[in-house]
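Summary of the model geometry
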Amino acid sequence: MDFDLTDDQKLLTDSVARLLGDRYTFEARKGFQKQDAGWSADMWGQFAEMGLLGLPFDEAYGGFGGGAVDIMLVMEQFGKALVLEPYLATVVLAGTALRVAGSEAQKSAILPEIIGGAMKLAFAHGEQGARYDLSDVTTTARKAAGGWVIDGAKSVVLHGDCADKIVVSARTSGDRNDEAGITLFLVDGDAKGVTRRGYQLRDGTRAAEISFASVEIGDDGLLGTLGTGFAVIGRVGEAGISAMSAEVVGSMDKMLDVTLDYLRTRQQFGKAIGENQVLQHKAADMLMATEQGRSMSMLAAMMVDETDDAERTRNFALAKVGVGQAGRFVSQNAVQLHGGIGMTEEYLIGHYFRRVMMFEHSFGDTAYYLNKLADQVH
Amino acid sequence: MDLRFTAEEIAWRDEVRAFIDAELDPALRERMRVGFGPTKQETIDWQRKLNKKGWACPGWPEEFGGATWTPVQRLIFNEAIQSAPAPDLQGFNITMLGPVLAHFGTPEQKAYFLPRAANLDDWWCQGFSEPGAGSDLASLKTAAKREGDFYIVNGQKIWTSTAHMADWIFALVRTDPNARKKQEGISFLLIDMKTPGITVRPIISIDGSHHLNEVFFDDVKVPVHQRVYEENRGWDVAKYLLGNERSGIARLGKSRANLEFAVDTARQVRSGGAPLVEDRGFRHRVAQIEVDIKALELTQMRVIAAASKKSDGKPDPFSSLLKIKGTELLQATSELIMDTGGPMAMPIWASELHALGNEPIAPEWAGYMAAPYLMLRAASIYGGTNEIQRNILNKAVLRL
């Protein structure tokens, strides 16, 4: 057992923290959000320059050859600054699909483009009727001469509006909820028949509803092998849980800091409100939840590359519930301890609150994973 | 970063488990599994087996019989004991007094008391709390007046666990009633329970057991050489004692054993025409507890890893987190056991579910269901209430 970071990992954390501290203040973020894309192309360039966009990819493609712990460290910092850029969508989600299932040709063509900052990707899997059910896919792909034709619609595709390429799951055989018969494809964002309606999510990040009407792609657009996309989708979701868990940890750290500052400075009844024991104890509970959530985020990061399927999926269920509950507790109490100011759009706490809310509804919520764990009790 | 145990650590766990399997009386183990504590003699026998093996007092300095284990090995050892379940190391002797004597004791005190404490030749109890000094321990009033080579002790201690079976008591007494600060007039004394003037009166707790006592001191003569450290510096000793041993404070092994017992019982209980273990509500409670156990398991390892890196000897405030979350789990798991029992949690003793001639008339688990629940309500009160632990977190970390 070992909780130490390597020197490289410490350096990575420090440099990301420094960049965001200098350039990604809450005020600067408001400006980024107002840009057309809803995020900053300039910051994206900075991430590329620092090597963050190549973090999990093999050195052979120009990447950094890092692992889930490196992603965790970066995402913690992103969570402190509420980074708006399509890092999760491009590097973590679509990046995992490419790493796990991509052919040599696909990886050689796409990964260097991601790493250099030229290409953004999205992972389009969820559909409006599917909720958290990973096998519920009604989008179809049928074989045509020299390729495939895709029909259907994907919902709440993170950063789907700006993606140059979209990883799409489609049913190539089987019934609506069959795990077998789901296949992944790579589709150009501006391919004929692709319609994207972009919008802002509650936390200010971007997403899109994307429809596919007889979208034709070549055989080289098949990602992985036919009918076996389900396992890849699972790995993508786990990578997403791990990365977002770390982001929530960063957000919890920040919310706790900001709340403690507020408790020290806000005066009522002639004294700082933090002198009230009932508020001190609530803050102690927030501290404990943050630390317990951090432990679970570490667990998720350690499990990303675990090869024992049962061990991995069980631990992800534990971690998702643990981080989800911690995040909900800390964010709700951060608003509560602030009082009225915590309810305002102008103040930063509500923005963290809503980022944490996004995590709970991504890749399966607390009830979903508690059900999974409950099914294992016998 | 790697959260998994190494191969050496797993081998160590297997070694501890194998020792327990070979040496622990199976009947005692089964009684502990269903929620009973060991008797005094059983604890002594077990402690002596550990002592023979060199495992009796792992946290002590090596020269007094301590082990050279890593903090992770300590954790693995504690958890193997708790989840067996086997009797814990006798806390007063091993966790509390031993390190104090090793650190503050005179050579004579060390030479005489430490080997006897490790082998449980003396059973120690702790005389700290008083009727007027609970969470506010430093306001204690039991007086020790110096007369020549003796202190004359008068006063009362309360909540004294196992005082009725103890040979000795280590007690905080007030030697300077006029000290500027209340913490400054306190001394730490070792008192033979057979000394004339000591009276022990039982306190029966809500689980029906006799564990707690009141101890009265009426002109009790204690030789001055039984004082540990300097006169009026007993508060330093007490702080050292309370902050010293934190490995295993979360008692996760015990919570795991409780959870296992609840699930095992739920397989035998029927509800709605099927085993209770298939009930959705029951399964959800188990799932939630499993999440909380996992989170604390990892947090505990982080705290231990951090502790092994620092050398200032100060207690880590995050051990308050381990205490709060650990006792919440002890309470949640014992609550689950009781609720698993359903109506069978209502009779007091299992023996009352036996017909004349001692034939059981109820399932084997019945009658064991409520005692841990009742007993473990104390978990969030003893060792510094969970509210005091939050105060500690505030003072040391949040600084509001």
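Residues numbered from 1 in each chain as written. Chains lettered and ligands numbered in written order. Predicted model: local features only at pLDDT ≥ 70, side-chain atom pairs only at ≥ 80, totals over all residues.

1. Details of the overall build of chain A
Across its full length, chain A carries 11 helices and 10 strands. Here the C-alpha atoms of chain A give a radius of gyration of 21 Å, agreeing with the 21 Å that 2.2 N^0.38 yields for 378 residues. Each principal axis of the C-alpha atoms in chain A carries an extent, and together these give about 80 × 55 × 40 Å. Every one of the 378 residues in chain A was classed for burial, and the buried ones make up 51%. Within chain A, residue pairs in contact and separated by at least 24 positions form 75% of the contacts whose partners lie at least 6 positions apart. (Helix = DSSP H or I, 4+ residues; strand = E, 2+ residues; numbered from the N terminus. Rg over C-alpha atoms; globule rule 2.2 N^0.38 Å. Buried ≥ 20, exposed ≤ 12 C-beta atoms within 10 Å, placed from the backbone. Contact = placed C-beta atoms within 7 Å.)

2. A closer look at the overall build of chain B
Each helix and strand counted, chain B has 12 helices and 10 strands in total. Taken over the C-alpha trace, chain B has a radius of gyration of 22 Å; the compact-globule value for 400 residues is 21 Å, and the two agree within 12%. Considered along the principal axes of its C-alpha atoms, chain B spans approximately 75 × 60 × 50 Å. When the 400 residues of chain B are sorted by exposure, 43% land in the buried category. For chain B, long-range pairs separated by at least 24 residues make up 71% of all intrachain contacts whose partners lie at least 6 apart in sequence.

3. What about the domain arrangement of chain B?
Each assigned domain of chain B is listed here: domain 1 (7–89), domain 2 (124–233) and domain 3 (246–398). The straight-line distance from the C-alpha centre of domain 1 of chain B to that of domain 2 of chain B is 30 Å. (Domains from an automatic or database assignment.)

4. Focus on the confidence of the model for chain B
Summing up the model confidence of chain B, the mean pLDDT is 92 and the portion of residues at 70 or higher is 96%. With a pTM of 0.94, the predicted complex shows an ipTM of 0.95. (pLDDT = per-residue confidence, 0-100.)

5. Section: the nonpolar core
Among the nonpolar cores identified, the biggest contains 221 residues, and Ala97(A), Ala122(A), Ile150(A), Val167(A), Phe185(A), Trp124(B) and Ile169(B) are the most heavily contacted of them. Take this core: its biggest share by element is 16 residues, from helix α7 (residues 229–265) of chain A. (Core = buried A, V, L, I, M, F, W, Y, C linked by C-beta atoms within 7 Å.)

6. Looking at the interface of chain A and chain B
Each partner contributes to the interface: chain A provides 31 residues, whereas chain B provides 36 residues. When residues in the side of chain A that touches chain B are grouped by element, the largest group, 13 residues, is from helix α8 (residues 277–303) of chain A. The class makeup of the residues in the side of chain A that touches chain B is 20 nonpolar, seven polar and four charged. (Nonpolar A, V, L, I, M, F, W, Y, C, P; charged D, E, K, R; others polar.)

7. Thoughts on the packing of α8(A) against helix α9 (residues 280–307) of chain B
Interhelical geometry of α8(A) versus α9(B) gives an angle of 95° and a closest axis separation of 8 Å. Classified by the angle between their axes, α8(A) and α9(B) sit roughly perpendicular to one another. Note on element contacts: α9(B) touches α8(A) through Lys294(B), Ala295(B), Leu296(B), Leu298(B), Thr299(B) and Arg302(B), opposite Glu291(A), Gln292(A), Ser295(A), Met296(A), Met298(A) and Leu299(A). In terms of residue class, the contact of α8(A) with α9(B) is made up of six nonpolar, three polar and three charged. (Axes fitted to C-alpha atoms, helices over the stretch in contact; angles between N-to-C directions. Parallel < 35°, antiparallel > 145°, perpendicular 65-115°, else oblique.)

8. Remarks on helix α9 (residues 309–338) of chain A
Helix length check: α9(A), at 30 residues, gives a terminal C-alpha distance of 43 Å against a target of 44 Å (1.5 Å per residue), a fit within 8%. Positive backbone phi, approximately 70°, marks Gly339(A), located one or two places after α9(A). (Expected span 1.5 Å × (residues − 1).)

9. Description of the domain arrangement of chain A
All names here are of chain A. When its domains are assigned, chain A resolves into domain 1 (7–118), domain 2 (122–227) and domain 3 (231–375). Spacing between the C-alpha centres of domain 1 and domain 3 amounts to 22 Å. Listed by partner, the interface residues are 20 residues for domain 1 and 24 residues for domain 3. When contributions to the side of domain 1 that touches domain 3 are tallied by element, the ones reaching two or more residues are α4 (68–81) and α5 (87–101). Looking at the side of domain 1 that touches domain 3 element by element, the count peaks at 10 residues for α4.

10. Here we look at unusual backbone geometry
Residue and element names in this part refer to chain B. Between Ala-84 and the following residue, Pro-85, the backbone shows a cis peptide bond with an omega angle of -15°. Tracing the chain through its elements places Pro-85 in the loop between α4 (71–83) and α5 (91–104). The backbone phi angle of Leu-120 is positive, close to 55°, even though this residue is not glycine. Here Leu-120 shows up in the loop between α6 (107–118) and β1 (124–127).

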